[in-house]
Amino acid sequence: MPGDGAGPESDVAAAGREKAAAAMAEAAAAWLGSLSEDQLPLAAYDSPLHPDAEAERLRWFYTPTEHGGLAIRDQSPSQQSLAMQLLATGLSTAGYATVATVMGLENVLDQVEGWTVHWGRQRGRDPGLYWLRIFGRPGDRVWAWRLGGHHISLNNLVVAGRLVSTTPCFIGADPATTELLGGTLRPLQGPEDTARKLARSLDADQFRQALLHPSAVSDIVSGNRPQVRHGDTMMHMQDLWRGRFEDPGLDRIVNDIDRRAEAGSGYTESDHARVAITIPPKGISGRDLNERQRHLLRRLVALYTGRAPEFLADAYDTHYASDTVLDLVHFGWAGSTDVGEPHYYRVQDARILIEYDNTQRHANHAHSVWRDLNSDFGLDLLAEHRAHIAHE
């Protein structure tokens, strides 16, 4: 895997990590420099080397809860521009366009829900409620930044002037499909259609290997855990928020959403155990696919790793171009392969974990996540750095 310690990294990729870190530091410093004394305490946090700051950095969400940081809506237009410029340094061009589209979808979702959802705020579906926070000082040996809000969580760590981690990386879409004048908007079209094409290409024996469950689980299984472990089962809605609501009525709404989702999937505890994250992974391996199917699997992986800055996405493409590497990638599917029906899939090898579900709101509400089983948040490299400091 590029730059994860599993093998040598190309000079081009290593230089790219340094270039990305420098661009991030410049953009983060410009944004912080534009903020007032009242805004800074929300925007600037302690270094990841500080235990309390690290505990906060590892708390991430994809629900419309408070994510921590300075919200876009609480910034001036020029500050918002600087915040988006920082956001763009952590994504490919296509990744940035996808994230910006998902942020704007809050306006559409507000209409879909009849303008009635509030979550204890003046506006419950608010494209300005995406929070940005910097951990440490940009340019320090160790620093990080996070942007999060409903259906978006981006997490980046820089160590010794190099971008070392870009996961967890979550992107969702609600609605997953929106009709436009003369067209259709589907921010996650590629990840959904490519996986379905792969699932449909499997013959009967292959599909039996790939099938995790006849019915789709109602959310991604890894949830918003800081780290994913063997045996993890789906987290329920109540655990995906930053604490409980002051208004008991909002707690009841969350409970009801979870109840309806569970009823829709028909899952029991044994069903959840069946689709639990496992190491080694479940599903059909790349070695059991034909060449056309292997091409689709590579394409599917690239649609997730392609969220990262181009140099890093290219390094992943090179990594998965190896037949030996692809042999060990597993693909699992749950639910129907029919368009418009609830479904879930998983792509996993020794390090990468990809999950996608589209089950809620009559299969028009999608969640997708890219994770690193060994080093989400760059935890392995950060541990090495701490050990190095301790021995100095």
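Structure's up top.
Definitions and cut-offs
- Residues numbered from 1 in each chain as written.
- Predicted model: local features only at pLDDT ≥ 70, side-chain atom pairs only at ≥ 80, totals over all residues.
- Heavy atoms only, no water.
- Helix = DSSP H or I, 4+ residues; strand = E, 2+ residues; numbered from the N terminus.
- Buried < 20%, exposed > 50% of the residue type's maximum accessible area, 1.4 Å probe, protein only.
- Contact = heavy atoms within 4.5 Å.
- Salt bridge = Lys/Arg side-chain N within 4 Å of Asp/Glu carboxyl O.
- Axes fitted to C-alpha atoms, helices over the stretch in contact; angles between N-to-C directions.
- Parallel < 35°, antiparallel > 145°, perpendicular 65-115°, else oblique.
- Left-handed = near helix turned anticlockwise from the far one by under 90°.
- Pairing = 2+ DSSP bridges.
- 1 Å grid on protein atoms, 1.4 Å probe; cavity = no way out; pocket = protein on both sides within 12 Å on 5 of 7 lines; lining within 4 Å.
- Points joined across faces, edges and corners; volume = space filled by probe spheres on them.
- Nonpolar A, V, L, I, M, F, W, Y, C, P; charged D, E, K, R; others polar.

Caption draft 1: A look at the environment of Leu185. Along the chain, Leu185 turns up in strand β9 (residues 183-185). The class of Leu185 is partly exposed, set by a relative accessible area of 26%. Along the chain, Leu185 and Arg196 lie 11 residues apart, while their C-alpha atoms are 18 Å from each other. Excluding residues within four positions of it along the chain, Leu185 makes contact with Thr101, Leu105, Ala176, Thr177, Thr178 and Leu180.

Caption draft 2: Quick peek at unusual backbone geometry. Looking along the chain, the bond that leaves Thr167 and enters Pro168 is cis, with omega of 5 degrees. Along the polypeptide, Pro168 turns up in the loop between β6 (162-165) and β7 (169-173). Positive phi, close to 50 degrees, is recorded for Trp119, a residue that is not glycine. Structurally, Trp119 is set in the loop between α5 (93-112) and β3 (130-135). Residue classification places Trp119 among the buried residues on the basis of a relative accessible area of 8%.

Caption draft 3: Examining the pattern of salt bridges more closely. For the structure on display, the rule yields 28 salt bridges. Between Arg133 and Glu56 there is a salt bridge, with the nearest N and O atoms lying 3.2 Å from each other. Placement of the pair is Arg133 in strand β3 and Glu56 in helix α3 (residues 51-57), with a sequence separation of 77 residues. In this structure, Arg133 and Glu56 share a single accessibility class: buried. Among the salt bridges present, the one from Arg260 reaches Asp256, with a minimum N-O distance of 2.2 Å. Separated by four residues within a single helix, Arg260 and Asp256 lie in helix α8 (residues 248-265), roughly one turn from each other. Overall, the relative accessible area of 46% leaves Arg260 in the partly exposed class.

Caption draft 4: Highlighting the side chain of Thr178. Looking at where Thr178 falls in the secondary structure, it is placed in strand β8 (residues 178-180). Given a relative accessible area of 13%, Thr178 falls into the buried group. Those residues within four positions of Thr178 in sequence are excluded, and the remaining contacts are Leu105, Val108, Gly183, Thr184 and Leu185.

Caption draft 5: Looking closely at the packing of helix α1 (residues 11-33) against helix α4 (residues 77-89). One way to put it is that α1 packs onto α4 with a least axis distance of 9 Å and a crossing angle of 165 degrees. One way to sum up the angle between α1 and α4 is to call them roughly antiparallel. Considering only the axes of α1 and α4, their crossing is left-handed. Contacts between α1 and α4 involve Ala23, Met24, Ala27, Ala28, Ala30 and Trp31 from the first element and Gln79, Leu82, Ala83, Gln85, Leu86 and Thr89 from the second.

Caption draft 6: Structural context of the pairing of β7. A large share of β7 lies buried, amounting to five of its five residues. The alternating pattern of β7 places Cys169, Ile171 and Ala173 and Phe170 and Gly172 on opposite faces, both of which are buried. With five bridges connecting them, β7 and strand β15 (residues 366-372) associate as antiparallel partners. Looking across to β15, one finds that Cys169 is bridged to Trp370.

Caption draft 7: Quick peek at the layout of surface pockets. There is about 830 Å³ of room inside the largest pocket. Every residue lining the largest pocket is counted, 37 residues in all, and those nearest its centre are Ile257, Arg260, Gln360, Arg361 and His365. When contributions to the lining of the largest pocket are tallied by element, the ones reaching two or more residues are α8 and α13 (360-363). Looking at side-chain class alone, the lining of the largest pocket contains 14 nonpolar, 16 polar and seven charged residues.

Caption draft 8: Main features of the pairing of strand β5 (residues 152-159). With respect to burial, β5 is a largely interior element, eight of its eight residues being buried. Of the two faces of β5, the one lined by Ile152, Leu154, Asn156 and Val158 and the one lined by Ser153, Asn155, Leu157 and Val159 are each fully buried. As paired strands, strand β4 (residues 142-149) and β5 are joined by eight bridges and run antiparallel to one another. Paired with Arg146 across the two strands is Asn155, which belongs to β5. Between β4 and β5, which pair antiparallel one after the other, the connecting turn spans two residues, and His151 there sits at a positive phi close to 75 degrees. Direction of pairing for β5 relative to β7: antiparallel, over a ladder of three bridges. Residue Leu154 lies in a different strand from β7, and its bridge partner there is Cys169.

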